[in-house]
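So the chains spell out like this:
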2 protein chains.
Amino acid sequence: MAPGAPIAQAAEQLADSHLVEQRLSSQELLHGNFLHAFRDTVRLPDGNEASREYVRHPGAVMVIAQLGDGRLVLERQYRYPVQRVMLEFPAGKLDAGEASLACAQRELLEETGYSAALWARAGVMHPVISYSTEFIDIWFAKDLTPGERKLDAGEFLDVLTATPAELLQGCRDGSVTDGKTLAGALWLQNVLSGAWTLDWQTSAASSGT
Amino acid sequence: MAPGAPIAQAAEQLADSHLVEQRLSSQELLHGNFLHAFRDTVRLPDGNEASREYVRHPGAVMVIAQLGDGRLVLERQYRYPVQRVMLEFPAGKLDAGEASLACAQRELLEETGYSAALWARAGVMHPVISYSTEFIDIWFAKDLTPGERKLDAGEFLDVLTATPAELLQGCRDGSVTDGKTLAGALWLQNVLSGAWTLDWQTSAASSGT
């Protein structure tokens, strides 16, 4: 299918020409310690111009790590923008040039102390398509070995475990509201039911990806 | 339980004092046409100081609207920050002072032309807890009446329908990656299976909420 892919893409873009916006120019609005924001001028499908403001983000990973007894490795962390402690799957931003799996392995180890022998990439999600370039790669991990965690200075979080049923109950009753964790719960539920399958790879075989 | 609630909240905050960050000061970084960003200085749990940069957002709603034959009302829309056309549940931002249900009704009507007689609030999600205050209220709608949509100037989107099975297949195969839509798919799957229940209300009875 590879030779046909560019043609298929071109055909799709043509079919979506009544929706697609073209960049005319780009202006940096903010280069903070964390937030990097831009305002682009775009050509709308009807020929008019509009501005689009958004945050540029390096991308991130999330890890759904399951212990031998089926329990999930979760975190509780204070999230300042929403002013509350959130229950989440472990996650973190890609370092410059870092591969997705390497990032997933690093973040799981640093934040929870666990290493995993088996990994599977489930998919990708875009958490905030209206004002950020961010994507989050969703990884499953199993065959876990506990170890020492290595939190960054100024990083405070609790590591805990819960059964899939407890996590799903939390999604239902409002104690889990983190968007990436809800998307992860969709994957988890369908993988556990057998409706969706994963392609597992050993950590060693994939360390270069 | 109301008289005890403040005590329970205080006890929870005390129990989380090893996680919670306290605001010391706040500085506006950017007041754009859309993005409104701040940098706050916070006191960390260990007594040190750190800065937190985030976007202030008014909040939003998402609508999972189901036709009589079970098909879902969906949108295809170009999302400039991620440079692609995304398949999504209808959604939109709260106007100043607007109630959540009123916003859900307005957005569904404006973007798709549908009005719904029955509504149920499923829950809330936080799409981007590390750098935005945004929340998205998740609404289900049924008993739909088609009508004329009223898009804003400069708004371009396709309205389409899909079965729940088609939507879930899209979540699995990577053609649906919008975070709010994945979280909505988790709700949809569990409501349709009967695992999670909704509290339906008529549109008229709830117009003041």
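Residues numbered from 1 in each chain as written. Chains lettered and ligands numbered in written order. Predicted model: local features only at pLDDT ≥ 70, side-chain atom pairs only at ≥ 80, totals over all residues.

S.K.: What is the right way to read the environment of Y54(B) from this model?
M.R.: Tracing the backbone through its elements, the reader meets Y54(B) in strand β3 (residues 49-55). Taking the C-beta count within 10 Å as the criterion, Y54(B) has 24 such neighbours and is therefore assigned buried. Distance from Y54(B) to D40(B), taken between C-alpha atoms, is 8.4 Å for residues 14 residues apart in sequence. Every residue in contact with Y54(B), bar those within four places of it in the chain, is listed here: Y80(A), P81(A), A37(B), F38(B), Y131(B), S132(B) and T133(B). (Helix = DSSP H or I, 4+ residues; strand = E, 2+ residues; numbered from the N terminus. Buried ≥ 20, exposed ≤ 12 C-beta atoms within 10 Å, placed from the backbone. Contact = placed C-beta atoms within 7 Å.)

S.K.: Please clarify how the relation of the copies chain A and chain B should be interpreted in this entry.
M.R.: One copy of the chain maps onto the second through a rotation around an axis plus a translation along that axis. For the pair chain A and chain B, the relating rotation is 180°, the translation along its axis is 0.0 Å, and the fit reaches an RMSD of 0.0 Å. One copy is carried onto the other by what is essentially a two-fold rotation axis. With an isologous cut-off of 70% or more, the 100% of interface residues of chain A that recur at the interface of chain B puts this contact in the isologous class. (Least-squares fit on C-alpha atoms with pLDDT ≥ 70 in both.)

S.K.: What am I meant to see in helix α2 (residues 100-112) of chain B here?
M.R.: The periodicity of an α-helix, 3.6 residues per turn, causes residues three or four positions apart to be oriented the same way. All names here are of chain B. End to end, α2 covers 18 Å across 13 residues, agreeing with the expected 18 Å (1.5 Å per residue, within 8%). Those residues of α2 not exposed but buried are L101, C103, A104, Q105, E107, L108, E111 and T112. Buried residues in α2 make contact with β4 (60-65), β5 (72-79), β7 (91-93), β8 (115-125), β9 (136-145) and β10 (157-162). Within two residues after α2, G113 carries a phi angle of roughly 90°, on the positive side. (Expected span 1.5 Å × (residues − 1).)

S.K.: What should I look at first to understand the interface of chain A and chain B in this one?
M.R.: A common way to express how large an interface is: the accessible area buried when the components associate. If you look at the interface, chain A gives 57 residues, while chain B gives 58 residues. Along the lines of polarity and charge, the residues of the side of chain A that touches chain B split into 31 nonpolar, 15 polar and 11 charged. (Nonpolar A, V, L, I, M, F, W, Y, C, P; charged D, E, K, R; others polar.)

S.K.: Help me out: how do you make sense of the domain arrangement of chain A in this one?
M.R.: Here chain A is partitioned into domain 1 (20-56) and domain 2 (60-195). Centre-to-centre, using C-alpha coordinates, domain 1 of chain A lies 30 Å away from domain 2 of chain A. (Domains from an automatic or database assignment.)

S.K.: Teacher, can you tell me more about the packing of helix α3 (residues 164-173) of chain A against helix α4 (residues 179-193) of chain A here?
M.R.: Relative orientation and spacing of two packed helices are given, respectively, by the angle between their axes and the distance between those axes. Residues and elements named next belong to chain A. Closest axis-to-axis distance for the α3/α4 pair is 11 Å, and the angle between their directions is 135°. In terms of orientation, α3 and α4 fall into the oblique class. Here α3 runs over α4; the crossing is left-handed. Taken together, the residues of α4 that come into contact with α3 (itself represented by P164, L167, L168 and C171) are L182, A185, L188, Q189 and L192. Its residues assigned to classes, the contact of α3 with α4 shows eight nonpolar, one polar and no charged. (Axes fitted to C-alpha atoms, helices over the stretch in contact; angles between N-to-C directions. Parallel < 35°, antiparallel > 145°, perpendicular 65-115°, else oblique. Left-handed = near helix turned anticlockwise from the far one by under 90°.)

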